[in-house]
Amino acid sequence: MNIEWAKTFLEIVKYGSINLAAEAMFLSQSTISTRLSLLEEELGYRLLLRSKGLRSITLTNEGQAFLPMAAHLVRIQKEAVSISKRPEISLRICAIDSFNRSFLNHFYQKLFSLNPKARFSISTHHSEEIYTRLEEHKIDLGFPSIELNRKNIDVKPLFRQRLYVAHQCASPSGLKSIHPSALNPQKEIFLHQEASFIQWHNYWWESGMQIKIDSFSLLSDFLSMDGYWAIVPYATICALPSLDTIQIYELTEAPPDRICYLLERKDKKLAEHYPFVCQILEELLNDTQFMKTYDFTAV
């Protein structure tokens, strides 16, 4: 289908007449009429009711149904053309390990697919280190899980995640419930550094030896040991290579949600310098199906 025919149809509908559409497009009325006729011929049905004496257009039932399709075709064409015109993006991004492996992994893939010129330098650090690296101008954007007050940094919450218990099991069976008191602290694999979580954690387990790790890559290995468990977000569990043998429990006395924050330097705002990146972040946060699948809740 000739995209110009679809554009012409949309202009006719927009201005309410063939004459006005011709003036707006700086084309003759005969050219507009010819394009419309060719489009109707290819589709196999009439889009407009045309007769002498009518001063404005009237859409047929088929024309009404085709209208959103025409708009979609034109939009796709514009997006395809804009790929070569998108600016080169060079970003230094730092995030905690679990965010890099879940939400941001989808963000990176989407940005690359829509902008092949994008270049990233991606690193993984603890939350406090991310603040420091941004202050020292070593990164452009940061995604920590804690909120700190730093003079030259703007902090914006993006989404929150509920926390679940993950436990290796030969035959997992859906989501189950468990009380913290039923968990053996000596079998815990501990990954968190958020103060709110630590306070909750210390309330339930004042003593006991747990394995403390700072890397997602170690989680799967330790979970394979008999009886060991970890409290992690659902998206982290989904990324485990042994997902099909992981039993997931919902805590009846739940810890505070984990929150992902976006860090920007006040002198280099994302929307001002990287509007395309900001747009993709917003699209992910507004993608209801994606957010629901991985148990993300936009803040």
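About the criteria used
- Residues numbered from 1 in each chain as written.
- Predicted model: local features only at pLDDT ≥ 70, side-chain atom pairs only at ≥ 80, totals over all residues.
- Heavy atoms only, no water.
- pLDDT = per-residue confidence, 0-100.
- Helix = DSSP H or I, 4+ residues; strand = E, 2+ residues; numbered from the N terminus.
- Phe/Tyr/Trp six-rings, centres within 6.5 Å; stacked < 30°, edge-to-face > 60°.
- Buried < 20%, exposed > 50% of the residue type's maximum accessible area, 1.4 Å probe, protein only.
- Lys NZ or Arg CZ within 6 Å of the ring centre and 35° of its normal.
- Expected span 1.5 Å × (residues − 1).
- Polar contact = N/O pair within 3.5 Å; in protein donor to acceptor, adjacent residues only side chain to side chain.
- Pairing = 2+ DSSP bridges.
- Contact = heavy atoms within 4.5 Å.
- Axes fitted to C-alpha atoms, helices over the stretch in contact; angles between N-to-C directions.

J.: Which parts of the structure should I look at to understand the confidence of the model for the protein chain?
T.: Interpreting fine coordinate detail is not advised for predicted regions of low pLDDT. Per-residue confidence for the protein chain gives a mean pLDDT of 88, with 94% of residues at or over 70. In the model of the protein chain, helix H11 (residues 270–273) stands out as the element of lowest mean pLDDT, 74, in contrast to strand S14 (residues 296–298), which has the highest, 96.

J.: Which parts of the structure should I look at to understand the packing of aromatic side chains?
T.: Inspection of every chain in the model, using the stated rule, returns 19 aromatic pairs. Their ring planes at 45° and their centres at 5.7 Å tell us that Phe290 and Phe296 sit as a pair that is tilted. Relative accessible area serves as the criterion here: at 9%, Phe290 is assigned to the buried category. On the accessibility criterion, Phe296 (5% relative accessible area) is buried. Grouped by ring-pair contacts, the aromatic residues Phe99, Phe103, Phe159, Phe290, Tyr294 and Phe296 constitute a single cluster. Of note, Lys212 hangs over the ring of Phe190, and the distance from its end group to the ring centre comes to 5.8 Å. Stacked on the ring of Phe99, the Lys or Arg Arg258 has its end atom at 5.8 Å from the ring centre.

J.: What's the story with helix H1 (residues 3–15) in this structure? I'm lost.
T.: Helical periodicity: at 3.6 residues per turn, an α-helix aligns residues three or four positions apart in one direction. The terminal C-alpha atoms of H1, which comprises 13 residues, lie 19 Å apart, in line with the 18 Å expected from a rise of 1.5 Å per residue. Buried residues of H1: Trp5, Ala6, Thr8, Phe9, Leu10 and Ile12, and no others. For H1, the side-chain oxygen to backbone nitrogen distance between the N-cap and Glu4 is 2.8 Å, and the N-cap itself is Asn2. Taken from the residues just after H1, Gly16 is the one with a positive phi, measuring 80°.

J.: Would you mind showing me how to read the pairing of strand S3 (residues 90–95) here?
T.: Across a regular strand the side chains alternate sides, sitting on one face of the sheet and then on the other. Two strands pair when backbone bridges link them, and S3 and strand S4 (residues 119–124) are joined in this way by six bridges, in the parallel orientation. Residue pairing in the sheet places Ser90 in a bridge with Arg119 of S4. Direction of pairing for S3 relative to strand S5 (residues 141–143): parallel, over a ladder of three bridges. Considered in S5, the bridge of Ile93 is made with Leu141.

J.: Can you walk me through the environment of Tyr228 in this structure?
T.: Secondary-structure assignment places Tyr228 in the loop between helix H9 (216–223) and strand S11 (229–233). For the pair Tyr228 and Ile189, spaced 39 residues apart in the sequence, the C-alpha separation amounts to 6.9 Å.

J.: How should I be thinking about the sheet that holds strand S7 (residues 163–168) in this particular structure?
T.: Spatial strand order, S8-S12-S7-S11-S9-S10: six strands in an open sheet with mixed pairing. At either end of the open sheet lies a strand with only one pairing partner, and these are strand S8 (175–178) and strand S10 (211–212). Pairing between S8 and strand S12 (residues 246–251): four bridges, direction parallel. Directly across from Ile178, in S12, lies its bridge partner Leu251. Each of S7, strand S9 (188–190), S11 and S12 is contacted by helix H8 (residues 195–204), which is oriented at about 160° to S9, the strand it contacts most. The sheet strands contacting H9 are S7, S9, S10, S11 and S12, and the helix crosses S11 at an angle near 145°.

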